[in-house]
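The chain contents come next:
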Amino acid sequence: MAEEHFDVLTKSGEKTGVSKPRSEIHRDGDYHRAVHVWIFVESTQELLLQLRSDDKDSWPGQWDISSAGHISAGDPSLLSAQRELEEELGIKLPTDAFEKIFVFLQECVTNNGKFINNEFNDVYLVTVLHPIPLDAFTLQKEEVSAVKYIPYEEYRNLLAKEDPAYVPYEANGDYGKLFEIIRQRCQVNVEARSLSLQKQLQRYSPVTLEANLAELSEADQKALGLIVKAAKVIDDIFYEQVWYSNPALRDWLKEHANASELDKLKWDYFLINKSPWSSLDENEPFLTTADSAVKLLPEATKLIAGWKGIEYRAAFPLTKPPGANFYPPDMDKMEFNLWLSSLTEEQKHAATGFFSIIKRRSEANLDASQSNHLANIAKKLTDSNSDLYSAPYSEIYRPFLTKASELLHKAGDLATSQSLKKLLHSKAEAFLSNDYYDSDIAWMDLDSKLDITIGPYETYEDEIFGYKASFEAFIGIRDDKATADLKLFGDNLKLLEDNLPLDSVYKSKDVSAAPIRVIQLIYNSGDVKGPQTVAYNLPNDEKIVEDRGTSMVMLKNVQEAKFEHILKPIAEVIISKEQRGFVDFDSFFTHTICHECCHGIGPHTITLPDGQTSTVRKELQELHSAMEEAKADIVGLWALKFLITKGLLPKSMVESMYVSFLAGCFRSIRFGLTEAHGKGQALQFNWLYEKGAFVFHEDSTFSVDFTKVEDAVESLSHEILTIQGRGDKKAATLLLNNYCTITGPLKTSLEKLESVKVPVDISPTFPLADALMN
């Protein structure tokens, strides 16, 4: 039998691209990777230990982790954890039973210097409700002699005393994280936790968003009800896109919401974030796997009379996965890029495109939780030797999209507007074909009182590459007067492009006028978690942007709510008394318009130094969203001043637009520096503060220095646009690292806002949509 090979890693845990036999790895002290799997029993607060076989070459005859093993060369971590548990203990668990809690670097030498172990261990926790009967285990005798349960505190004490019967771990060192995580879950202070959730909820100001449906015909109102139902389906897809066990968590929290005050608070805050991670707290978890759904597996082990099987908690990691559910959770960039390099150009386009998910063939082979539908996809789409493969949304979400497609077709049959009919039918077809080009063109051409945006668009959830689009829906009633008033901005995009503070070589040659629609929002769903969207500029597909440009939708009632509930109170606290009166809704609204307009100008499709054509999104990858939001914001401010200079906007706006922008900085930064808008806003604020355009006063208020702000805005606009035009990820990284920080004056102001309990954002309810659903 050939000796097992392991991937050789750097001292920081990255793959080197080299693999070596197991014996040579431990002889030479090469860094490599392994998995540790701990089974924790919730009801008895015990850990399962295994007794290592006397024949093992390390720690023979000692009690150790529930299950552990090396990760073979080329194998994924999670698959290895599943396989080790099944091979050593005879337990077959699905991926959602495994919670990766931390990575532990073990560096030690045993066997008189003959066995050097430099090992990065991915530590997983499996939480079961009740002990698995000892008779249910099938032990791999050459690896495991016996198993037993032990209270976790007793085990920790034995390790601390260095009891020779147990494999040593630093229970009070790095490995102590395991015991601390368990302790926190076992010793819950209900009152303190309830208070914490109440404070988090209070950061959102409840608002009701409605609109007048009187101008809609009876047929259009019936169509609207069907569209709202389709949008509900979009919500279901987004929950799954965030994390694979997220839908089970949602259903469990909803089912138990009335069990106690704490359970109600959990459910309320989950509805705002649509995940267990808090958007306003740098995605810190406000729930743990201990709060999650309980699942029963009757056949995970050999059958025992009178025992119904393993009940486990559907797990999710403490740290929000940067790739959401778009990529395997244990995939790193190197693995993806190596796989990508083996593909044809057409396959590369699909793999890096907006509308596909990257999965593993091995998932379908090993995971009992995979549906037959997904298993069939794996068989149909995998024709290479790689474990990774790309699957289109139309296949992955087929059950959801079929339902949504049927609802949109029915709505399209009822709609009285021809452009709305075309949009609904083409979007319904796109859901099943995975080709969104025609439907996005139809969306841009929409001219209807009933305004609909539905489908996969924004890529904020994909923090690995920024490739994958999340599903979302916005349903509103068009405000015809406000729409007519804004034609000026869309009509002057070419003028703005030609005059951008950017070298001509990077400017786009063909910029189309951008239609702007203003709506009163009556429902949204999908990727609208945490802070609410006030406007959007779509589509993001560079091919459509190149062919037709973009369109903008302004959510006026959302912006009015944010101005009244958020921006005005911020100005009262943060803006100097002399300039406070400059903060007004018109300036806030107008800058938001320019922000969205400026998504449509500047570099998109670019030429790299080697002559190859690419896009800003593909070159900047995970940095693209933050850089693009910063660009749209600061260039939007530049554009306002330019239009004023050209006599297209009144000069009286100058002071109010700069001071309203300053107040708005604090609104967005409070979203957190892990969120694209917050990160982009921190970059702008700190740049303008450094240039003296923003002034901090002794009373902890800010003002604008009108003599410096114009040059500071132009210099940052030039910096960001040039980085985008060059596709310079290194420069983008440097810029964000230098300026995306909470500096002293900024921290003082944010703490001041928190102390007086100014809301951070709004939490809308949609009574009209609810009524239409009944």
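Above: the structure in question.
Because the structure is a prediction, the values reported are computed rather than measured.

1. Some details on the nonpolar core
Nonpolar side chains in soluble globular proteins generally cluster together in the buried interior. Residues I475, F489 and F666 are the most contacted members of the largest nonpolar core, which totals 168 residues. Top contributing element to this core by residue count: helix α24 (residues 624-645), with 12 residues.

2. Focus: the environment of L753
Checked against the element boundaries, L753 lands in helix α29 (residues 744-755). Counting along the chain gives 707 residues from L753 to E46, while the straight-line C-alpha distance between them is 44 Å. Setting aside its immediate chain neighbours within four residues, L753 contacts I570, V573, I574, F666, R670 and V758.

3. Section: the packing of helix α6 (residues 218-242) against helix α14 (residues 398-414)
With their axes 8 Å apart at the nearest point, α6 and α14 run at an angle of 165° to one another. By the angle class used here, α6 and α14 are roughly antiparallel. For α6 against α14, the interelement crossing comes out left-handed. Contacts between α6 and α14 pair A219, D220, K222, A223, L226, I227, K229, A230, V233, D236, I237 and E240 from the former with F400, L401, K403, A404, L407, L408, K410, A411 and L414 from the latter.

4. Things to note about the side chain of N524
On the secondary structure map, N524 appears in strand β19 (residues 516-526). Taking the relative accessible area as the measure of exposure, N524 reaches 8% and is therefore buried. A distance of 2.9 Å separates the side chain of N524 from the side chain of Q532, its partner in a polar contact. Filtering out sequence-adjacent residues up to four positions away, N524 remains in contact with A473, F474, Q532 and F766.

5. Observations concerning the sheet that holds β19
Strand pairing in a sheet relies on backbone hydrogen bonds. The paired strands run either parallel or antiparallel. One open sheet holds the 5 strands; their spatial order is β17-β18-β19-β21-β20, and the pairing between them is mixed. Here the strands that pair on one side only, and so sit at the sheet edges, are β17 (450-456) and β20 (535-538). Strand-to-strand twist in this sheet, taken as the mean axis angle between neighbours without regard to direction, amounts to 35°. Pairing analysis gives 7 bridges linking strand β18 (residues 471-478) to β19, with the strands arranged antiparallel. Paired with E472 across the strands is G526, a residue of β19. In this fold α6 packs onto β17, β18 and β19, with an angle of close to 155° to the strand it touches most, β18.

6. Observations concerning empty space enclosed by the protein
Following the criterion strictly, the structure yields 2 cavities of 30 Å³ or more and no others. Of the voids in this model, the largest cavity is the one considered here, and its volume is about 60 Å³. P76, L78, L79, Q82, T95, P329, D330, R360, S362 and E363 together form the lining of the largest cavity. Sorting the residues of the lining of the largest cavity by element identifies α2 (77-89) and α11 (361-366) as the ones contributing at least two each. Sorting elements by how many residues they give to the lining of the largest cavity places α2 first, with 3 residues. Across the lining of the largest cavity, the residue classes break down as 4 nonpolar, 3 polar and 3 charged. Each pocket or cavity is described by its volume, and for the second largest cavity that value is around 40 Å³. What lines the second largest cavity is F354, F355, D440, P456, Y457, P539, N540 and D541. In terms of residue class, the lining of the second largest cavity is built from 5 nonpolar, 1 polar and 2 charged.

Parameters at a glance
Residues take numbers from 1 onward in each chain, read along the sequence in its written order. Local features are withheld for residues below a pLDDT of 70 in this predicted model, meaning they are given only at 70 or higher, and side-chain atom pairs are given and counted only at 80 or more; totals for whole chains, interfaces and linings count all residues. The basis for every side-chain value is the complete set of heavy atoms in the structure, and neither hydrogens nor water enter the calculation. Side-chain atoms within 4.5 Å link the members of a nonpolar core, which is a set of buried Ala, Val, Leu, Ile, Met, Phe, Trp, Tyr and Cys residues. The cut-offs for exposure are 20% and 50% of the maximum accessible area for each residue type, with area from a 1.4 Å probe on protein chains only; residues under the lower value are buried, those over the upper are exposed, and the others partly exposed. For the purposes of this entry, the term helix denotes a DSSP run of H or I that reaches at least four residues, the term strand denotes a run of E that reaches at least two, and both are numbered from the N terminus. We call two residues contacting when some pair of their heavy atoms lies within 4.5 Å. In this analysis an axis means a line fitted to C-alpha atoms, helices contributing only their contacting stretch, and an angle means the value between N-to-C directions, from 0 to 180 degrees. Angular relationships are summarised with four words: roughly parallel below 35 degrees, roughly antiparallel beyond 145, roughly perpendicular across 65 to 115, and oblique for the angles in between. Note on convention: near helix rotated counterclockwise from far helix by under a right angle means a left-handed crossing. Clockwise means right-handed. Pairing of N or O atoms within 3.5 Å defines a polar contact, subject to two protein rules: one partner must be a possible hydrogen donor and the other a possible acceptor, and residues neighboring in sequence count only if both atoms are side-chain atoms. Strand pairing requires that DSSP identify at least two bridges connecting the strands. Each cavity reported here is a set of points on a 1 Å grid over the protein atoms alone in which a 1.4 Å probe fits but cannot get out, each pocket an open set with protein on both sides within 12 Å along at least five of seven lines, and each lining residue one with an atom within 4 Å of a point. Grid points are joined across faces, edges and corners, and a volume is the space filled by probe spheres set on the points. Residues are grouped as follows: nonpolar covers Ala, Val, Leu, Ile, Met, Phe, Trp, Tyr, Cys and Pro; charged covers Asp, Glu, Lys and Arg; every other residue, Gly included, is treated as polar.

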